[in-house]
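# A look at the structure
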Amino acid sequence: MISNRLERCIYHNVMLFLAFMATVFTVFIVVFIIGYVLIRAIPHVSWELLSTKPSYINETIGLLPDILNTVYIVFATLVFVLPLGVGAAVYLSEYAKNMKVKRSIEYAIESLAGIPSIIYGLVGMLIFCQYMSLKTSLLAGALTLTIMNLPTIIRTTQESLDSVPISYREGAFGLGANKWYAIRTVVLPCCIDGIVTGCILAVGRMLGESAALLFTAGFAHKLNGFIDAMSSSGSTMTVALYVYAKEQGRFDVAFVIAAIMLLMSLVINYTAGYLSKRIQRKRLDK
């Protein structure tokens, strides 16, 4: 009896130690990467680098077009992917009755999530750039990223919808609400966390995508407004990082771009979390 208790105690402590070491190792890797990028980037950061566009005549480098193009393409992709993804999740969770059709759709979504990004780039180039005559543009890149991120939005939203208790729906029906009104006013507000999580994951993939955008959005360092940028070629931060690091050997500029992308990711995560908490607070106040 004492021997079994001692073995369980040793096993528990060993597993606890291994879990703690795994956590420490993970945190160390994250801190090391962020610290290394910032140490390499900060000495080369300047206002001129961040607020101007490249000039081949003056042989200067500016990142403003790449920063704006990244913001443009993320915003445009979210405009397309959120209604499609949330709408598909609502249909699968609330309206789909034929289980064979539902499983077929879910299998297609899972398969879509496993396709390499380079394939998305090739298909996007053939369909959006050539067949739909959008040419190499940020709009073609945004549409390609929409298809890439649909599985993430659909799955996270669907899981959140499935986690809402059935009694919430029954209570709304008991008060005389129709199905769509109950979904819109009761179910969707309860799963806002899942939708925000899906948005964060999708934005993270958008910020880090380069292969698909090389084929669809191009790598022109042009400074345009939102409307003009959508119809013209433009380089995002990841594409610019690839060009400066791989083709031009400008690793100083590449690390500055990497630092900007880290900062953008942190700002987006914080903003999404803040908005999610604010929406939940308003819902509870009502």
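None of the values given here were measured: they were computed from a predicted structure.

## Structural notes on the overall build of the protein chain
Each helix and strand counted, the protein chain has 13 helices and zero strands in total. Starting at the N terminus, the α and β elements of the protein chain follow one another as α-α-α-α-α-α-α-α-α-α-α-α-α. Reported as C-alpha extents along the three principal axes, the dimensions of the protein chain are approximately 75 × 60 × 40 Å. Split into buried and exposed, the 286 residues of the protein chain put 37% on the buried side. In the protein chain, of all internal contacts separated by at least 6 residues, the share reaching a separation of at least 24 is 73%. Of the roughly 16,900 Å² that the protein chain leaves accessible, carbon and sulfur atoms contribute 69%. Of the side chains in the protein chain, 23 bear a positive and 16 a negative charge, and the two mean positions are spaced by 7 Å.

## Focus on the pattern of salt bridges
Should their charged atoms come close, side chains of opposite charge can pair. Summed over the entire model, instances satisfying the criterion amount to two salt bridges. Across the salt bridge formed by arginine 155 and glutamate 110, the nearest N and O atoms sit 3.0 Å from each other. Within this pair, whereas arginine 155 is found in helix 6 (residues 138-163), its partner glutamate 110 is found in helix 4 (residues 99-113), the two being separated by 45 residues in sequence. We classify glutamate 110 as partly exposed; its relative accessible area is 42%. Aspartate 252 is the salt-bridge partner of arginine 250, the closest N and O atoms lying 3.1 Å from each other. On the basis of relative accessible area, aspartate 252 is assigned to the partly exposed category, the value being 25%.

## Remarks on the environment of arginine 169
With respect to the element layout, arginine 169 can be found in helix 7 (residues 166-174). Residue classification places arginine 169 among the buried residues on the basis of a relative accessible area of 9%. Taking the C-alpha atoms as reference points, arginine 169 and valine 187, separated by 18 residues in sequence, lie 7.2 Å from one another. Apart from the residues lying within four places of it in its own chain, the contact partners of arginine 169 are Glu94, Leu161, Val164 and Val187.

## Describing the environment of glutamine 158
Note on placement: glutamine 158 falls in helix 6. Residues in contact with glutamine 158, not counting those within four places in the same chain, are Ala89, Leu92, Ser93, Lys102 and Glu106. A polar contact is formed between the side chain of glutamine 158 and the side chain of glutamate 106, at a distance of 2.8 Å.

## Details of the side chain of serine 233
In this structure, serine 233 sits in the loop between helix 11 (226-230) and helix 12 (237-247). Judged by relative accessible area, serine 233 falls into the buried class, the value being 19%. Apart from the residues lying within four places of it in its own chain, the contact partners of serine 233 are Thr136, Ser137, Ala217, Gly218, Phe219, Ala220 and Lys222.

## Things to note about unusual backbone geometry
With a phi close to 60°, serine 133 is a non-glycine residue in the positive phi region. Assignment of secondary structure puts serine 133 in the loop between helix 5 (117-131) and helix 6. Taking relative accessible area as the criterion, serine 133 reaches 54% and is therefore assigned exposed.

## Comments concerning the packing of aromatic side chains
Evaluated as defined, the whole model comprises five aromatic pairs. Where tyrosine 36 meets phenylalanine 255, the ring centres are 5.8 Å apart and the plane angle is 80°; that geometry is what we call edge-to-face. With tyrosine 36 in helix 1 (residues 2-41) and phenylalanine 255 in helix 13 (residues 251-285), this pair connects stretches of sequence that are 219 residues apart. Geometrically, the ring pair formed by tyrosine 72 and phenylalanine 226 is edge-to-face, given 5.5 Å between the ring centres and 80° between the ring planes. Of this pair, tyrosine 72 sits in helix 3 (residues 64-95) while phenylalanine 226 sits in helix 11, placing them 154 residues apart in sequence.

Quick notes on the rules
- Residues numbered from 1 in each chain as written.
- Predicted model: local features only at pLDDT ≥ 70, side-chain atom pairs only at ≥ 80, totals over all residues.
- Heavy atoms only, no water.
- Helix = DSSP H or I, 4+ residues; strand = E, 2+ residues; numbered from the N terminus.
- Buried < 20%, exposed > 50% of the residue type's maximum accessible area, 1.4 Å probe, protein only.
- Contact = heavy atoms within 4.5 Å.
- Areas by Shrake-Rupley, 256 points an atom, 1.4 Å probe, with all protein chains shown as cover.
- Lys, Arg positive; Asp, Glu negative; His and termini not counted.
- Charge placed at Lys NZ, Arg CZ, Asp CG, Glu CD.
- Salt bridge = Lys/Arg side-chain N within 4 Å of Asp/Glu carboxyl O.
- Polar contact = N/O pair within 3.5 Å; in protein donor to acceptor, adjacent residues only side chain to side chain.
- Phe/Tyr/Trp six-rings, centres within 6.5 Å; stacked < 30°, edge-to-face > 60°.

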